[in-house]
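Chains, contacts and geometry: an overview
So you can see what is in the structure, the chains are spelled out below.
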Amino acid sequence: MRIVITIGGSVVIKAYEHQKFQEYAKILSSLKQDHQIFIVVGGGKPARDYIQIARDLKAGEAHCDDIGIDITRLNAKLLIIALGDDAYPSVPENFQEAVAYSTSNRIVVMGGTEPAHSTDAVGAILAEYVKADLLVNLTSVDGLYDKDPKIYDDAVLLEKISAQEMWEFLREKDSKAGTYEFFDLTAVQMIKRSGIKTVIINGDLPENLLKVLGNHKIGTRIV
Ligand code: UTP
């Protein structure tokens with residue numbers, strides 16, 4: 001299968017340490033035997049910290065996004081280091097480069113591309129671009145809930161949702177640099193128009209990636 005995997009910065013760099021990069025590298029290298037893998041890494045707290053400094057310096061939103069993109073690319077570089085020879089050694093800055101690098105038969109790892117969306121959108125666009133069989137979004141919650149699980153104890157995990165319903169659900173949310181909420185609207189638009197099979201799962205346990213590829217019913221499927 002050709003798989004695009006987005007790994008949230010809040011998953012891979014929750015703290016400033018290397019462990020999660022190492023854990024993911026191990027699993028991704030094992031998947032490389034049977035699948036063509038593209039990874040998009042998010043910015044997490046380091047991106048938000050840097051964006052805040054830029055904002056305090058009165059940078060405009062697009063400029064703040066640009067700072068965020070740089071941090072996502074740094075995180076991508078860390079994952080490339082962790083993957084060693086299994087990864088293409090450079091971070092593609094656009095989709096054409098990602099495709100070109102994939103001809104090496106190595107795992108391609110990228111970060112953001114341009115302002116005004118998050119790496120979720122990059123993953124969805126890349127999935128469309130490379131005609132991926134599956135898009136997996138690894139985030140820091142178990143999937144999409146009917147309301148915020150950090151606030152409401154009775155929030156229910158949605159096992160599946162249509163792209164249209166998800167679009168309506170997310171429409172009201174914030175979209176400033178560093179705060180593209182749970183999943184951004186551009187990503188949902190792309191999934192809607194191309195019908196890419198998409199699963200959102202909790203990435204805090206890297207083994208969940210193996211579960212989802214083994215067809216276990218976890219997370220939220222966008223249908
Ligand atoms: P993320 O995709 O990590 O956004 O990119 P996020 O919503 O903050 O997600 P987590 O916390 O990693 O899960 C970090 C920031 O970089 C900019 C945006 O400002 C985003 O919030 N960015 C990223 C872009 O402007 N364009 C991109 O293609 C990617």
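The sections below set out a description of the structure shown in this document. (Residues numbered from 1 in each chain as written. Predicted model: local features only at pLDDT ≥ 70, side-chain atom pairs only at ≥ 80, totals over all residues. Heavy atoms only, no water.)

1. Observations concerning the packing of helix α6 (residues 119-129) against helix α8 (residues 185-194)
Describing two packed helices takes the angle between their axes plus the distance from one axis to the other. Where α6 meets α8, the closest approach of the two axes is 7 Å, and the angle between their N-to-C directions is 20°. It follows that α6 is roughly parallel to α8 by the angle criterion. Crossing angle aside, the handedness with which α6 passes α8 is left-handed. Residues Asp120, Ala121, Ala124, Ile125 and Glu128 of α6 form the contact with α8, whose own contacting residues are Thr186, Ala187, Met190, Ile191, Arg193 and Ser194. (Axes fitted to C-alpha atoms, helices over the stretch in contact; angles between N-to-C directions. Helix = DSSP H or I, 4+ residues; strand = E, 2+ residues; numbered from the N terminus. Parallel < 35°, antiparallel > 145°, perpendicular 65-115°, else oblique. Left-handed = near helix turned anticlockwise from the far one by under 90°. Contact = heavy atoms within 4.5 Å.)

2. Comments concerning a positive patch on the surface
On the surface, a cluster of positive charge is contributed by Lys160, Lys197, Lys217 and Arg221. Mapped onto the elements of the fold, Lys160 is located in strand β5 (residues 160-161). (Patch = residues over 30% accessible without salt bridge, like charges linked within 9 Å, V, L, I, M, F, W, Y side chains within 5 Å. Areas by Shrake-Rupley, 256 points an atom, 1.4 Å probe, with all protein chains shown as cover. Salt bridge = Lys/Arg side-chain N within 4 Å of Asp/Glu carboxyl O. Lys, Arg positive; Asp, Glu negative; His and termini not counted. Charge placed at Lys NZ, Arg CZ, Asp CG, Glu CD.)

3. Some details on unusual backbone geometry
Even without glycine at this site, Ala116 takes up a positive phi of about 85°. When you line up the elements, Ala116 lands in the loop between β3 (108-110) and α6. Its relative accessible area of 52% is what places Ala116 among the exposed residues. (Buried < 20%, exposed > 50% of the residue type's maximum accessible area, 1.4 Å probe, protein only.)

4. A short note on the sheet that holds strand β4 (residues 134-139)
An order of β3-β2-β1-β4-β6-β7-β5 is seen for the seven strands of this open sheet, with the pairing classed as mixed. Where the open sheet ends on each side, the last strands, each with one partner, are β3 and β5. In terms of strand pairing, β4 meets strand β6 (residues 198-202) through five bridges, oriented parallel. Bridging from a neighbouring strand, Leu138 pairs with Ile201 of β6. Contacts between helix α2 (residues 19-32) and the sheet are confined to β1 (2-7), β2 (36-41) and β4, with β2 contributing the most and set at about 155° to the helix. Sitting on the sheet, helix α5 (residues 95-102) touches β2 and β3, and the angle it makes with β3 is about 155°. (Pairing = 2+ DSSP bridges.)

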